[in-house]
Amino acid sequence: MSTFRLTTIEEFEAATQRLLETGAKVGADSWQARVKNQTPHCKFGEGGICCRICTMGPCRITKKAPRGICGCDAHGIAGRNFLRFTAGGAATHSDHGREICHTLHTVSPDGNYKVKDPEKLIRIAKEWGVETEGKDIYDLAHEMSELALLEYGKPFGVQRWLTRAPEHTRELWKKAEIEPRAIDREVSTAMHMTHMGCSSKPEALVRQALRAGMSDGWGGSMCGTEFSDVMFGTPKPVDTEANLGVMKEDEVNIIVHGHDPSLSEMICEYAEDPEMIALAKSLGAKGINVAGVCCTSNEVAMRRGIPMAGNFLQQENVVLTGACEAIIVDVQCIFPALGPLSKCFHTKFITTSPIAQMPDSDFIRFNAETAGENAKQIVKLAVENFVNRKQELVHIPQLKQKATVGYSVEAIIKQLDKVASSQGDELGTTKPLINCITSGVLRGAVAMVGCNNPRVRPDSAHIELMKKLIKNDIIVVLSGCSAQAAARAGLMDKRAKDLCGDGLKRVCELADIPPVLHMGSCVDISRMMVLASTLAKDSGLNISQLPLVGCAPEWMSEKAVSIGNYVVATGIDTFLGVDPQVSGSSEMTYWLTEGVRDWVEAAYTVEKDIDKLGDAIIARIEEKRAALGI
Ligand code: SF4
Ligand code: SF4
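For clarity, every value in this text was computed on a predicted model and none was experimentally measured.

1. As for the site of ligand 2
Next up, step 1: Around ligand 2, the neighbouring residues are His259, Cys294, Cys295, Phe312, Cys333, Gly450, Cys451, Cys481, Cys522, Met556, Ser557 and Lys559.
Next up, step 2: Of the residues assigned to the shell around ligand 2, the class counts are eight nonpolar, three polar and one charged.

So, in structure tokens, the structure goes:
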């Protein structure tokens, strides 16, 4: 008999509670305490109707004061804030992609970074019309890196990756004037438009928000994903484990946190170095254990099966175990709180990027050119820190689940071939999935993404929605911290098929997949755009006609808004569990939840009641099915 069962939210919370007790002993601060200090939040900020973009202000909109000093109303202020929020997210992902392109420029046969997936590189080169015949693969990599970097600032034309979308979608983009031109240009234009005395018309601000989002999803993020695959390998199914129980009491625990795989990949390599392992053993540890937090965790889990310790709101818990020798970070979603927190323990908080420098950290600059040396220095520092562990503070919650991850588009298509052979379909396409959806074996698909947010009981929305969807024969593809919530609960264990409706259960058995598929990190949502485009092309339908929706139930970051904008712009209805801070403007609310549908055939739905959000998702999928007559 199977002993499989999901880990419950209550078990997650009990583990956190126990760790907070350790924190209290050493005088540690916690996000839980800081949330209390910040509540209730300022209602002007929540509604998006405070403005401080010039020094005549700050201004805020009230009944008595319906306009700022310059005369801008609530709609203009909320619109500008929304666009700036998007630009922040787009810049962040796109800069990540740029770093990857720069790393690609350093590849060499005997260097720190190599070309691990030459076929993918050649495929992309052909897609971009670059001659590949007889060319050395490293010369090609350098040429492609330069072309990709030009995408950030080219003076004319539109993004190269847009050609991956179906023709109908591209026509919509053109007509709506939201095709992103150069990646950086859209962010720059957004900042220009939102300067005092430029745009204050919601329609124009929303349009640019979609365009800036597109420059991320169909630009910077896509560069990040595609060229990471070229250098570190295209993910394929791999077994791993998730939750805090992946940390080991008798080994050196190194946590990688942040986003850029150029760092985490190198740390993983040096953690396997016999010299480092011997050093760890000489200091009384049984070995070196690397685990991850947030998106960098997703990257190394997808490609190497490195265990996932936790998602966004678990980052402090990792230190609170008292068994973390080093938490090594690069950029994005890193709590500055980790500095003071690590000082309450023996943990080394190691920052590595000039982009993300924080107090109370050891800064070891990581460069692609000197990656090997840097990674070795960092791993050594972590190993040597093992002897400083305070045994009386060590407590690792024994929560852990098995997970199968690594579902890139390439891997999904390969798995689908297993279903195809039984149905006589052609191989190497998404047609088996389309057939399952058309016949009703699967009702549809949901792309669930995004963060944790203390406004929502952590992970509960992700997990409850996933359970509801798979029970209703809706397959779920995941990325980011949503994926980690699933893995920690056990939903990526293939045995979770027993929680599905009959149709999805059968598909899981035939295709040998878990009911929720880990597609990677947040930049890897670009994989979902490619998958949606492929499904549309293979089915002859428009993306907006597919019974496919996006959902970010616990989102918090600017990046999530940028993502939401490019998902909607791609024609995929997107459901949010947290308000995007535009409620102070009826016009902005209209444009996001209805108006944009005229341009891109999709829009946002905001619903903070998670059960109702699930019902709305299912209803939208059924509506799309009914429209197709299936
Ligand atoms: S731009 Fe207008 S609304 Fe904003 S702070 Fe300046 S005066 Fe106030
Ligand atoms: S899902 Fe959100 S919190 Fe998690 S890594 Fe991505 S942006 Fe950060």
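2. Topic: the packing of helix 4 (residues 74–105) against helix 22 (residues 558–569)
Next up, step 1: Helix 22 packs onto helix 4 with a crossing angle of 95° between their chain directions and a minimal axis gap of 7 Å. Comparing the axis directions of helix 4 and helix 22 gives the class roughly perpendicular. Taking contact as the criterion, the partners of Phe82, Arg84, Phe85, Thr86, Gly88, Gly89, Ala90, Thr92 and His93 in helix 4 are, on helix 22, Glu558, Lys559, Val561, Ser562, Ile563 and Asn565.
Next up, step 2: Here the contact of helix 4 with helix 22 is built from residues that sort into five nonpolar, seven polar and three charged.

3. Notes on the sheet that holds strand 15 (residues 574–576)
Next up, step 1: Strands sit in the order 13-12-11-14-15-16 across an open sheet of six strands; the sheet is parallel. The outermost strands of the open sheet, each flanked by one partner alone, are strand 13 (516–518) and strand 16 (604–606). Each neighbouring strand pair of the sheet contributes to a mean axis angle of 25°, computed without reference to strand direction.
Next up, step 2: When strand 11 (residues 444–448) meets strand 14 (residues 548–552), the two strands line up parallel, connected through four bridges.

4. Brief notes about the packing of aromatic side chains
Next up, step 1: By the definition in use, this model includes nine aromatic pairs.
Next up, step 2: Ring centres 6.0 Å apart and planes at 70° place the aromatic pair Tyr113 and Phe232 in the edge-to-face group. Separated by 119 residues along the polypeptide, Tyr113 in the loop between helix 4 and helix 5 (118–127) and Phe232 in helix 9 (residues 202–232) bring together distant segments of the chain. The residues Tyr113 and Phe232 share a single accessibility class, namely buried.
Next up, step 3: One aromatic cluster is present, formed by Trp128, Trp161 and Phe227 through successive ring pairs.
Next up, step 4: The side chain of Arg207 reaches across the aromatic face of Trp599, ending 4.2 Å from its centre.
Next up, step 5: The ring centre of Phe12 lies 4.2 Å from the NZ or CZ of Arg488, which sits over that ring.

5. Observations regarding helix 25 (residues 610–628)
Next up, step 1: For helix 25, with 19 residues, the first-to-last C-alpha span of 27 Å sits near the 27 Å given by 1.5 Å per residue.
Next up, step 2: All buried positions along helix 25 are accounted for by Ile610, Leu613, Gly614, Ile617, Ile618, Arg620, Ile621, Lys624 and Arg625. Down the axis of helix 25, the sector holding all buried residues measures 150°, keeping them to one side. Projecting away from the buried face of helix 25 at angles above 90 degrees are the exposed residues Glu623, Ala626 and Ala627.
Next up, step 3: If you check the start of helix 25, you find a side-chain oxygen 3.0 Å away from the backbone N of Asp611, and it comes from Asp609.
Next up, step 4: Immediately beyond the C-terminal end of helix 25, within one or two residues, lies Gly629, with a positive phi of roughly 70°.

6. So, the pattern of salt bridges
Next up, step 1: Taken as a whole and judged by the stated rule, the model has 45 salt bridges.
Next up, step 2: Put simply, Glu10 and Arg457 hold a salt bridge, and the shortest N to O gap is 3.3 Å. Remark: Arg457 occurs in the loop between strand 11 and helix 18 (460–471) and Glu10 occurs in helix 1 (residues 9–25); sequence separation between them is 447 residues.
Next up, step 3: Looking at Glu10, the relative accessible area reads 47%, which means it is partly exposed.
Next up, step 4: The salt bridge involving Lys467 is made with Glu464; its shortest N-O contact spans 3.4 Å. Residue Lys467 and its partner Glu464 are located together in helix 18, separated by three residues, close to a single helical turn.
Next up, step 5: Classification of Lys467 as partly exposed rests on a relative accessible area of 31%.
Next up, step 6: Residue classification places Glu464 among the partly exposed residues on the basis of a relative accessible area of 39%.
Next up, step 7: Salt bridges linked by common partners bring Lys120, Arg123, Glu127, Arg164, Glu226, Asp229, Glu299, Arg303, Glu410, Asp524 and Arg527 together as one network.

7. Overview of the pairing of strand 12 (residues 474–478)
Next up, step 1: Burial within strand 12 is extensive, with five of its five residues counted as buried.
Next up, step 2: Burial of strand 12 is two-sided: the residues Ile474, Val476 and Leu478 facing one way and the residues Ile475 and Val477 facing the other way are all buried.
Next up, step 3: Pairing of strand 11 with strand 12 involves five bridges; the strand directions are parallel. Within the sheet, the bridge partner assigned to Ala445 lies in strand 12 and is Ile475.
Next up, step 4: As for the winding sense of the linkage, the β-α-β connection from strand 11 through helix 18 to strand 12 is right-handed.
Next up, step 5: Pairing of strand 12 with strand 13 involves three bridges; the strand directions are parallel. Bridge pairing links Val477 to Leu517 in strand 13.

8. Considering unusual backbone geometry
Next up, step 1: Here the amide bond leading from Thr39 into Pro40 is cis, since omega sits at 0°, within 30 degrees of zero.
Next up, step 2: Along the chain, Pro40 falls in the loop between helix 2 (31–38) and helix 3 (43–47).
Next up, step 3: Gly57 connects to Pro58 through a cis peptide bond whose omega is 5°.
Next up, step 4: Note on placement: Pro58 falls in the loop between strand 1 (50–51) and strand 2 (59–60).
Next up, step 5: Of note in the backbone geometry, Asp459 takes a positive phi value of approximately 75° without being a glycine.
Next up, step 6: Mapped onto the elements, Asp459 comes out in the loop between strand 11 and helix 18.
Next up, step 7: Note on Asp459: relative accessible area 3%, which makes it buried.
Next up, step 8: Located in the positive-phi region is Asp473, a residue other than glycine, with phi close to 60°.

Thresholds applied
- All residue numbers refer to position in the chain's written sequence, counted from 1.
- For this description, chains carry letters from A and ligands carry numbers from 1, given in the order in which they are written.
- Under the rules for a predicted model, residues below a pLDDT of 70 receive no local features and side-chain atom pairs below 80 are neither given nor counted, while totals for whole chains, interfaces and linings still include all residues.
- Computation of side-chain values: all heavy atoms of the structure, hydrogens and water removed.
- We call a residue near a given molecule or strand whenever any one of its heavy atoms falls within 4 Å of it.
- Throughout this entry, Asp, Glu, Lys and Arg are counted as charged residues, while Ala, Val, Leu, Ile, Met, Phe, Trp, Tyr, Cys and Pro are counted as nonpolar. The remaining residues, Gly among them, count as polar.
- Note on geometry: axes are lines fitted to C-alpha atoms, helical ones only across the stretch in contact, with angles between N-to-C directions running from 0 to 180 degrees.
- The numbering of helices and of strands both runs from the N terminus, where a helix is a DSSP run of H or I of at least 4 residues and a strand a run of E of at least 2.
- The scheme is simple: roughly parallel for angles under 35 degrees, roughly antiparallel for over 145, roughly perpendicular for 65 to 115, oblique for anything else.
- In what follows, a contact means two residues having at least one pair of non-hydrogen atoms within 4.5 Å.
- A pair of strands is treated as paired once DSSP finds two or more bridges between them.
- Aromatic contacts are taken between Phe, Tyr and Trp rings whose centres are within 6.5 Å, Trp giving its six-membered ring; a plane angle under 30 degrees counts as stacked, one over 60 as edge-to-face, and the others as tilted.
- Using a 1.4 Å probe on the protein chains alone, a residue whose accessible area is under 20% of its type maximum counts as buried, one over 50% counts as exposed, and one in between counts as partly exposed.
- Criterion for a charge above a ring: Arg CZ or Lys NZ at most 6 Å from the ring centre, at most 35 degrees from the ring normal.
- By definition here, a helix of n residues has an expected span of 1.5 Å times n minus one.
- Note: the arc covers the axis-to-C-beta directions of the helix.
- For the purposes of these results, a polar contact is taken to be a pair of N or O atoms within 3.5 Å, where, inside protein, one atom must be able to donate a hydrogen and its partner to accept one; residues adjacent in sequence count only when each atom of the pair is a side-chain atom.
- When a carboxyl oxygen of Asp or Glu is within 4 Å of a side-chain nitrogen of Lys or Arg, the pair counts as a salt bridge.
- Whether a crossover is right-handed comes down to one check: with the strands pointing away from the viewer, does the path from the first strand over the helix to the second run clockwise; if it does, it is right-handed.

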